[in-house]
Amino acid sequence: MVNYSFSLDTFEYFLMILVRVASFVTVAPFYGTKNTPLRVKAGLSLLISLLLYQILPRAELSYEGVFGFGIIIIREGITGLLIGFAANVCNSIILLAGNMIDMEIGLSMATEFDPLTNSQVNITGQLYNYFLLLLLVITDMHHYILRAVVDSYELIPVNGQIFDWEHLFTSFLMYMTDMFVIAFRIILPVFVVMMILNSILGIMAKVAPQMNMFAIGMQLKILVGFLVLFLTVRLLPNISNFIFKEMKRLMVAFIEGMY
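These remarks concern the structure in this document. (Residues numbered from 1 in each chain as written. Predicted model: local features only at pLDDT ≥ 70, side-chain atom pairs only at ≥ 80, totals over all residues. Heavy atoms only, no water.)

1. As for the packing of aromatic side chains
Applicable threshold: A pair of Phe, Tyr and Trp rings is counted when the ring centres sit within 6.5 Å of each other, with Trp represented by its six-membered ring. The angle between the planes then sorts it: under 30 degrees is stacked, over 60 is edge-to-face, the rest tilted. Two thresholds decide whether a charge sits over a ring: the Lys NZ or Arg CZ must be within 6 Å of the ring centre and within 35 degrees of the ring normal.
Scanning the entire structure with this criterion turns up seven aromatic pairs. Summarising the aromatic geometry, the rings of Phe163 and Trp165 are spaced 5.1 Å apart at their centres and angled 15° between planes, so their arrangement reads as stacked. Among the aromatic residues, those joined into a cluster by ring pairs are Phe11, Phe14 and Tyr53. Here Lys248 stacks its cationic end above the ring of Tyr144, 5.0 Å away from the centre of that ring.

2. So, unusual backbone geometry
What counts is decided by this rule: Numbering of helices and strands starts at the N terminus; helices are DSSP runs of H or I of at least 4 residues and strands are runs of E of at least 2. With a 1.4 Å probe rolled over the protein chains alone, any residue whose accessible area is under 20% of its type maximum counts as buried; one over 50% counts as exposed, and the rest are partly exposed.
Its identity as a non-glycine residue notwithstanding, Phe30 has a phi of 70°, on the positive side. Counting through the fold element by element, Phe30 comes out in the loop between helix H1 (8-27) and helix H2 (38-55). Relative accessible area serves as the criterion here: at 32%, Phe30 is assigned to the partly exposed category.

3. Looking at the environment of Leu50
Relative to the elements of secondary structure, Leu50 occurs in helix H2. Residue class for Leu50 comes out partly exposed when judged on its relative accessible area of 26%. Distance from Leu50 to Ile17, taken between C-alpha atoms, is 8.7 Å for residues 33 residues apart in sequence.

4. Some points on the packing of helix H5 (residues 123-138) against helix H9 (residues 236-256)
Just so we agree on the cut-off: Axis lines are fitted to C-alpha atoms, over the contacting stretch for helices. Their N-to-C directions set the angle, which ranges from 0 to 180 degrees. Oblique is the label for any angle not under 35 degrees, not over 145, and not in the 65 to 115 range, which are roughly parallel, roughly antiparallel and roughly perpendicular in turn. The contact definition used throughout considers only heavy atoms, calling two residues in contact when any of these lie within 4.5 Å. Charged means Asp, Glu, Lys or Arg here, nonpolar means Ala, Val, Leu, Ile, Met, Phe, Trp, Tyr, Cys or Pro, and polar covers whatever is left, Gly included.
Put simply, H5 and H9 touch, their axes get as near as 10 Å, and they point 75° apart. One element, H5, and the other, H9, form an angle in the roughly perpendicular class. Two secondary-structure elements touch here, H5 through Tyr128, Phe131, Leu132, Leu135 and Leu136 and H9 through Leu236, Pro237, Ser240, Ile243, Phe244 and Met247. Residue composition of the contact of H5 with H9, by class: ten nonpolar, one polar and no charged.

5. Focus on the environment of Ile162
Among the structural elements, Ile162 can be located in the loop between helix H6 (141-155) and helix H7 (165-207). The exposure class assigned to Ile162 is exposed, which follows from its relative accessible area of 57%. In this structure the C-alpha to C-alpha distance between Ile162 and Glu256, which are 94 residues apart in sequence, comes to 9.6 Å. Setting aside residues no more than four positions away along its own chain, Ile162 makes contact with Gly257, Met258 and Tyr259.

6. Concerning the nonpolar core
Using the following cut-off: Definition used in this section: a nonpolar core is a set of buried Ala, Val, Leu, Ile, Met, Phe, Trp, Tyr and Cys residues joined via side-chain atoms within 4.5 Å.
In this structure, Ile17, Ile145, Ile186, Ile243, Met247 and Met251 are the most contacted members of the largest nonpolar core, which totals 64 residues. Top element by residues in this core is H7. It accounts for eleven residues. Every residue in contact with Ile243, bar those within four places of it in the chain, is listed here: Cys90, Ile93, Ile94, Leu132, Ile182 and Ile186.

7. Regarding the pattern of salt bridges
Applied cut-off: The rule for a salt bridge is simple: a side-chain nitrogen of Lys or Arg has to be within 4 Å of a carboxyl oxygen of Asp or Glu.
This structure, assessed with the given rule, holds three salt bridges. Note that Glu76 and Arg20 form a salt bridge whose closest N and O atoms lie 2.8 Å from each other. One end of the pair, Glu76, is in helix H3 (residues 65-88); the other, Arg20, is in helix H1, and 56 residues separate them in sequence. Like Glu76, the residue Arg20 is buried in the burial classification. Between Glu246 and Arg249 there is a salt bridge whose closest N-O contact spans 3.0 Å. In this pair, Glu246 and Arg249 are both assigned in helix H9, three residues apart and thus about one turn of the helix distant.

8. Some points on H3
Side chains that are three or four residues apart share a direction in an α-helix, a result of its 3.6 residues per turn. Convention followed: The span expected for a helix works out to 1.5 Å for each residue beyond the first.
Helix length check: H3 (24 residues) gives 35 Å between terminal C-alpha atoms against 34 Å at 1.5 Å per residue, within 8%. Taken together, the buried positions of H3 are Gly68, Phe69, Ile72, Glu76, Gly77, Thr79, Gly80, Leu82, Ile83, Gly84, Ala86 and Ala87.

9. What about the environment of Lys221?
For Lys221, the location among the structural elements is in helix H8 (residues 213-231). Measuring from C-alpha to C-alpha, the distance between Lys221 and Cys90 comes to 29 Å, with 131 residues separating the pair along the chain. Once you skip the residues sitting within four places of it in the chain, Lys221 turns out to touch Glu104, Ile105, Met194, Leu197 and Asn198.

10. Brief notes about the side chain of Gln161
Where we set the bar: N or O atoms within 3.5 Å of each other form a polar contact, as long as, within protein, one can give a hydrogen and the other can take it, and as long as residues adjacent in sequence are counted only when both atoms are side-chain atoms.
Along the chain, Gln161 falls in the loop between H6 and H7. Look at Gln161 and you get buried, because its relative accessible area is 4%. One polar contact links Gln161 to Glu76, side chain to side chain, over a distance of 2.7 Å. Leave out the neighbours within four places in its chain, and Gln161 touches Arg20, Arg75, Glu76, Thr79, Ile156 and Met258.

11. What to know about the packing of H3 against H9
To keep things clear, this is the line we draw: A clockwise turn of the near helix away from the far one marks a right-handed crossing, whereas an anticlockwise turn of less than a right angle marks a left-handed crossing.
In the contact formed by H3 and H9, the axes pass within 8 Å of each other and the chain directions differ by 160°. Compared by their axis directions, H3 and H9 come out roughly antiparallel. Crossing geometry of H3 relative to H9 is assigned as right-handed. Residue-level inspection shows Leu82, Ile83, Phe85, Ala86 and Ala87 of H3 in contact with H9, the latter providing Met247, Leu250, Met251, Phe254 and Ile255. Here the residues of the contact of H3 with H9 are counted per class, giving ten nonpolar, no polar and no charged.

Next comes the structure, spelled out in structure tokens:
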């Protein structure tokens, strides 16, 4: 039976649920992209909060005055932001890999403005980022991300956060290490081919010094780089598996650091 009767106490409880969900939707991948209308984000947050308000057990909240209520709101907002950030920060892996690929093939100066992140990004990184976002939707990973914030109420009830900042900091440092490892795995085919091409150009520069290897090398690197990207595009599902596993691990680690 659906019962959405509100009183002052239940409305405060609903508001706390809404703050965590809205904070998550603001920064989470797919849900928090800049091109998603604010009305859609607000409506989605409100709908999820109404459903959670109906099914979650309502624990009695104790606080003193407006200041105590504000502290609880801040704690709920931090919880939603950390869960959403744990999912969104893994997109930096593919952007880092794209930046390194462009440096190898000579496109590091070719940047464009990304309205989703309000920053300058490289062409390859932006292309891979869109592919990753598409695979996130195809594999229903966006449902997993949404379930994560819903299931977080089982471990972290409203006003039940116990922030272990040392655990959160350790988890983020582990992610920084894994980010470079996964990014290097992504660019490894391009790196190997470019290293072989540089060796060939170096030998040709010694054999035929009258040839302008600088002008030839720039064109060859771009052509060979595009060829390698074309041949390795089928590896994107495997790349997304690495990134999604890291996303799941980081979300679990962040949730563990809050209860």
